[in-house]
Amino acid sequence: VTVARSNVFDGQDYVHTSDYPGNYPGYDDTWDMRKFQKNFRVDLVHLNESSMEFDMVGIDAAIANAFRRILLAEVPTMAIEKVFIYNNTSIVQDEVLAQRLGLVPIKADPRLFEYRSPGDESAEEEGSEIDTIQLQLKIKCSRNPRASKDSADPRELYLNHMVYSSDIKWVPIGNQADVFADSVIGPVHDDILIAQLRPGHELDIVMHCVKGLGQDHAKFSPVATASYRLLPEITLLEPVEGEMAERLKRCFSRGVIDIQDVDGRKVAKVVNSRLDTCSREFLRHDDLKNVVKLGRLRDHFIFTVESTGILPPDVLVTEAIKVLMVKCQRFLSELDSPELE
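Keep in mind it's a predicted model, so treat the numbers as computed, not measured.

Here is what the cut-offs are and how they apply
- Residues numbered from 1 in each chain as written.
- Predicted model: local features only at pLDDT ≥ 70, side-chain atom pairs only at ≥ 80, totals over all residues.
- Heavy atoms only, no water.
- Buried < 20%, exposed > 50% of the residue type's maximum accessible area, 1.4 Å probe, protein only.
- Helix = DSSP H or I, 4+ residues; strand = E, 2+ residues; numbered from the N terminus.
- Arc of directions from axis to C-beta.
- Contact = heavy atoms within 4.5 Å.
- Polar contact = N/O pair within 3.5 Å; in protein donor to acceptor, adjacent residues only side chain to side chain.
- Pairing = 2+ DSSP bridges.
- Axes fitted to C-alpha atoms, helices over the stretch in contact; angles between N-to-C directions.
- Salt bridge = Lys/Arg side-chain N within 4 Å of Asp/Glu carboxyl O.

**Student:** For helix 4 (residues 94-102), give the residues involved together with the corresponding values.
**Tutor:** Within the span of helix 4, buried status applies to Leu97, Leu101 and Gly102. Down the axis of helix 4, the sector holding all buried residues measures 135°, keeping them to one side. Looking at the buried side of helix 4, the elements it contacts are strand 3 (77-88), strand 5 (133-140), strand 11 (193-196) and strand 12 (202-212).

**Student:** Which residues make up unusual backbone geometry, and what are the values?
**Tutor:** Phi at asparagine 160 takes a positive value of approximately 60°, unusual for a residue other than glycine. With respect to the secondary-structure elements, asparagine 160 resides in the loop between strand 7 (158-159) and strand 8 (162-164). Of note, the phi angle at cysteine 278 is positive, near 65°, even though the residue is not glycine. Residue classification places cysteine 278 among the partly exposed residues on the basis of a relative accessible area of 40%.

**Student:** Could you give me a rundown of the side chain of threonine 132, with the residues and numbers involved?
**Tutor:** Within the secondary structure, threonine 132 sits in the loop between helix 5 (121-125) and strand 5. Judged by relative accessible area, threonine 132 falls into the buried class, the value being 0%. At 2.4 Å, the side chain of threonine 132 and the side chain of arginine 116 are in polar contact. There is a polar contact of 2.7 Å between the side chain of threonine 132 and the side chain of aspartate 131. With residues near it in sequence (within four places) discarded, threonine 132 still touches Phe113, Arg116, Glu126, Gly127, Ile173, Gln176, His208 and Cys209.

**Student:** I'd like a rundown of the sheet that holds strand 5, residues and numbers included.
**Tutor:** Reading across from one edge, 3-12-5-9 is the order of the 4 strands in this open sheet, with antiparallel pairing throughout. Single-partner strands in this sheet number two, and they are strand 3 and strand 9 (169-171). Looking at each pair of strands side by side, their axes are set apart by 30° on average, direction ignored. Against the sheet, helix 4 makes contact with strand 3, strand 5 and strand 12, and its axis sits at roughly 150° relative to strand 3, the strand it touches most.

**Student:** Help me get a handle on the pattern of salt bridges, residues and values and all.
**Tutor:** Following the criterion strictly, the structure yields 15 salt bridges and no others. Of the charged contacts in the structure, one is a salt bridge between glutamate 81 and lysine 219, with a shortest N-O distance of 2.9 Å. Highlighted residues: glutamate 81 in strand 3 and lysine 219 in the loop between strand 12 and strand 13 (223-236), separated in sequence by 138 residues. Using a relative accessible area of 39% as the deciding quantity, one classes glutamate 81 as partly exposed. With a closest N to O distance of 3.8 Å, arginine 111 and glutamate 319 form a salt bridge. With arginine 111 in the loop between strand 4 (106-107) and helix 5 and glutamate 319 in helix 9 (residues 313-335), this residue pair connects regions lying 208 residues apart in the sequence. On the accessibility criterion, arginine 111 (45% relative accessible area) is partly exposed. The class for glutamate 319 is buried, based on a relative accessible area of 14%. Linked through salt bridges whose partners overlap, the residues forming this network are Asp109, Arg111, Glu319 and Lys322.

Worth remembering: the numbers are spatial, not functional.
Below you can see the structure in the form of structure tokens.
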């Protein structure tokens, strides 16, 4: 999982700014604050508790990519960092079990916790109510005395033979029970399979969750995915009518091209280029390939953010903006520092 996520982090590492004169032939890209304030906007397209889609218009690719990378790697979350295994008689090795537990997303607001102080050995072992969440997994498999003698179904023969994330319980530290009285701290999802047991197998584990960043380990990443694409631009260079219009409609995803009645003629119109999936099917048709021009609006970014459930996606975007603001402020402070003079 860590390797797969790191490939995502490395993607588009070197997206460069294009916001300067001469980068695009015949187009003046000189920075203009008034022009930016007039053209920049964010349009919310879709939002629910787990995913979000929005348009960021009138911004440079380098800035858009900065938002994406911050969402992946620099918005903090709480995740299992220390796993104390007191008893594990299952067939899952200790290190594999610890890795699986570490990747279980934990429902806890990281804004209410502090980073653990580095180099504090006592804190590494114990932690405190302001920087650590303690969880416990204690379960033992046994035979079901009420099971039918002819049954071969493990679900009927055994009790507690499937260990799920719902078996992980929160153990408050200090005054956490009062501070988080209205919160439910624990795994985001209750149906994550951790291990399978058989009679006599037992797990007795204590886990410590700390605040961290996705750039240190993928388990801290707050999003399952955060990506963007440019808005497709489809231009019909000449009217497409009749049977050609029907074929052109079938060449694109449903909803991109519509057939409209114009003075009794069936004419193809582009109604929603957003639904285009980069289809090049029309190039197979000799009479269509020269009447369609495909492009992208280079300053219109369609963002898709899918949260792991730790925080709502709209909160993640807000936190990413705050992180970028802090980075900008730090950069400006460095420019004003006497050492640069």
